[in-house]
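Here is how the chains run, residue by residue.
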Amino acid sequence: MTSLAESLEDVLPKDEHFALANLQSIPKLSKPVVYQSERPHTVKIIHFIVLFHNQTPVLATEVYVYLTIAETLKRTIYVSKVDTTGLTKVKVGKVVQRILEWLFEYPVTQYLRDLRVKHTYKTVLKPHPPFTSPVQRALHILIERAKGDKDYGVPQIVESKAYRVPSRFLSLTNSDFQTDLVLFTRAESQYLFPNSNKNDGKHILDDGGLLKWWLKSINLSVNKSFKSAQKYVDILNSEPRQISRYFPENDWKIGSIYYRPEKAHDLAVYNIPLLPDDPKGRFLEHLVVENRAKRVSLSQFWTELAFRQEFRLGRIVGLIGVTGTCNESAPGPLSMLKGKDFENARKVFTESDYSDSSEVEAIYDRVLEYGVELQEMTGRQDRVASSSIPESNKRPVTDLGMLVKRKKSTTQQLS
Ligand code: ACO
């Protein structure tokens, strides 16, 4: 078995020092991915993975995993965001490919075993005249506390839902159930690292380049870690001929895992997932607000989605979906953090100013304070002479990884 850190070593430059912050939220029950009246039990996990070169963050990816437990088990892996800081250069595509392979092969039974009890809290108050405002309610609680009952108004656990995962699911391996991979690609100058777009070393792909880049990494990782797979890509408002030019291999199809011709007349609301920051989900919510959710069919949904602003104005927004069954291997070490600690550690990364070297330098120690274990790595890949970056396009990136201190007020020149 190789851990994620070990598997990254051979795509990182030889003898250079790296560290991995492999954060995972504790698996918890959540809302179903696709709205269904029978509300199947759904377990949600967030992975937030950051690669450091020496002590400088290089790249991060945020991935949501949902396990839908009904008659059968189904895993939905939603790659929400990838971003780079531009402060040091590695082959990001290769790193992302390895991260995807690790996620695909992550044993699902491990998540199910880590599932935590869900508590329901209630605040029990003495009989009181109706409160006219939250302030009045707060005052009532403070007065009772001042009278001596120090815990008055503190929410108490009234119900603990210890959902028992049916035992038949605990012996499954990843090849026994369906895994869906889903993501959409839309280029932005930054997603996770504020002000990283000001760093000269940041290589920002445009829409077309980004879609190609994702398809290449996904195709290689799916070929390695899926036992069987159907691969779909779509670009709304594009001709089939244009879309197929993006195929990294000819086993890709134009379409979506969330559309089948035989389901064209089914209601979209029961078939389209509600994923965070996803344009499909945003449109679905819009339909609910407009009170049309119970009228729009799946085919109408896709037609109308194409007219949404985020898919127009010449943008190439790639919708990627893969469905199949996966291989499995042991996950290796990671930092599983409970709700608040996970959020706080994540915020250290997503709320720092990446154009300010003193803030960047503090990140490494700050995440350690939240209990994140960093796994040390040493690159093993021989430097390939000049890789495929044309000489004219090469930017003066600092010699791998050394964060150069800058005067704050001057231009954002890094090297
Ligand atoms: N100059 C010229 N070419 C370069 C440079 C450079 N400075 N750096 C890398 N390249 C070339 C590489 O050689 C490679 O070319 P190849 O495919 O011919 O080998 C290609 O660009 C990709 O290089 P990578 O190292 O794999 O990736 P990159 O550094 O471009 O990072 C990323 C890709 C993460 C998308 C980056 O562009 C970025 O941070 N973008 C901003 C945020 C963003 O748009 N994220 C994706 C959102 S979609 C989603 O997350 C689901």
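Residues numbered from 1 in each chain as written. Predicted model: local features only at pLDDT ≥ 70, side-chain atom pairs only at ≥ 80, totals over all residues. Heavy atoms only, no water.

- The chain appears in an unreviewed UniProt entry as histone acetyltransferase from Ogataea parapolymorpha.
- UniProt's Subcellular location (unreviewed entry) comment on the chain is quoted here verbatim: "Nucleus".
- Quoted verbatim from the Catalytic activity (unreviewed entry) field of UniProt, the annotation for the chain is "L-lysyl-[histone] + acetyl-CoA = N(6)-acetyl-L-lysyl-[histone] + CoA + H(+)". (UniProt positions renumbered as here; feature names shortened; annotations may be inferred.)

### With respect to the site of the ligand
Alright, step 1. Taken together, the neighbourhood of the ligand is formed by 29 residues, with Val 82, Thr 84, Lys 89, Gly 93 and His 203 sitting nearest.
Alright, step 2. Contact between the ligand and Thr 84: an oxygen atom at 2.5 Å from a side-chain N or O atom of the residue.
Alright, step 3. Separating an oxygen atom of the ligand from a backbone N or O atom of Gly 93 is a distance of 2.8 Å.
Alright, step 4. Expressed as a share of its isolated accessible area of 1000 Å², the protein-covered part of the ligand is 85%. (Near = heavy atom within 4 Å. Polar contact = N/O pair within 3.5 Å; in protein donor to acceptor, adjacent residues only side chain to side chain. Areas by Shrake-Rupley, 256 points an atom, 1.4 Å probe, with all protein chains shown as cover.)

### Points about the nonpolar core
Alright, step 1. Residues Leu 51, Trp 214 and Ile 218 are the most contacted members of the largest nonpolar core, which totals 60 residues.
Alright, step 2. Residue contributions to this core peak at 8 residues, all from helix α2 (residues 92-105).
Alright, step 3. With sequence-adjacent residues up to four places away left out, Trp 214 is seen in contact with Val 79, Val 82, Val 96, Leu 100, Leu 183, Thr 185 and Ile 320.
Alright, step 4. One finds Tyr 78, Leu 192, Leu 284 and Phe 342 within the second-largest nonpolar core, a separate group that totals 49 residues. (Core = buried A, V, L, I, M, F, W, Y, C linked by side-chain atoms within 4.5 Å. Buried < 20%, exposed > 50% of the residue type's maximum accessible area, 1.4 Å probe, protein only. Helix = DSSP H or I, 4+ residues; strand = E, 2+ residues; numbered from the N terminus. Contact = heavy atoms within 4.5 Å.)

### Digging into the layout of surface pockets
Alright, step 1. Estimates place the volume of the second largest pocket at around 530 Å³.
Alright, step 2. Taken together, 23 residues line the second largest pocket, and the ones lying closest to its centre are Val 34, Lys 74, Asp 180, Tyr 258 and Lys 263.
Alright, step 3. Put simply, the parts of the chain that give the lining of the second largest pocket at least two residues each are β5 (73-84) and β8 (178-185). (1 Å grid on protein atoms, 1.4 Å probe; cavity = no way out; pocket = protein on both sides within 12 Å on 5 of 7 lines; lining within 4 Å. Points joined across faces, edges and corners; volume = space filled by probe spheres on them.)

### Brief notes about the environment of Leu 20
Alright, step 1. Tracing the backbone shows Leu 20 in strand β1 (residues 17-25).
Alright, step 2. The class of Leu 20 is buried, set by a relative accessible area of 1%.
Alright, step 3. Through-space distance from the C-alpha of Leu 20 to that of Leu 374 is 5.4 Å; in sequence the pair is 354 residues apart.
Alright, step 4. Residues within four places of Leu 20 in sequence aside, it is in contact with Leu 4, Ala 5, Leu 8, Ile 49, Val 50, Leu 51, Glu 373, Leu 374, Gln 375 and Met 377.

### Description of the pattern of salt bridges
Alright, step 1. All chains considered together, the criterion is met by 23 salt bridges.
Alright, step 2. Salt-bridge contacts for Lys 231 lead to Asp 251; the nearest nitrogen and oxygen are separated by 2.8 Å. Placement of the pair is Lys 231 in strand β9 (residues 226-235) and Asp 251 in the loop between α6 (240-244) and β10 (252-254), with a sequence separation of 20 residues. (Salt bridge = Lys/Arg side-chain N within 4 Å of Asp/Glu carboxyl O.)

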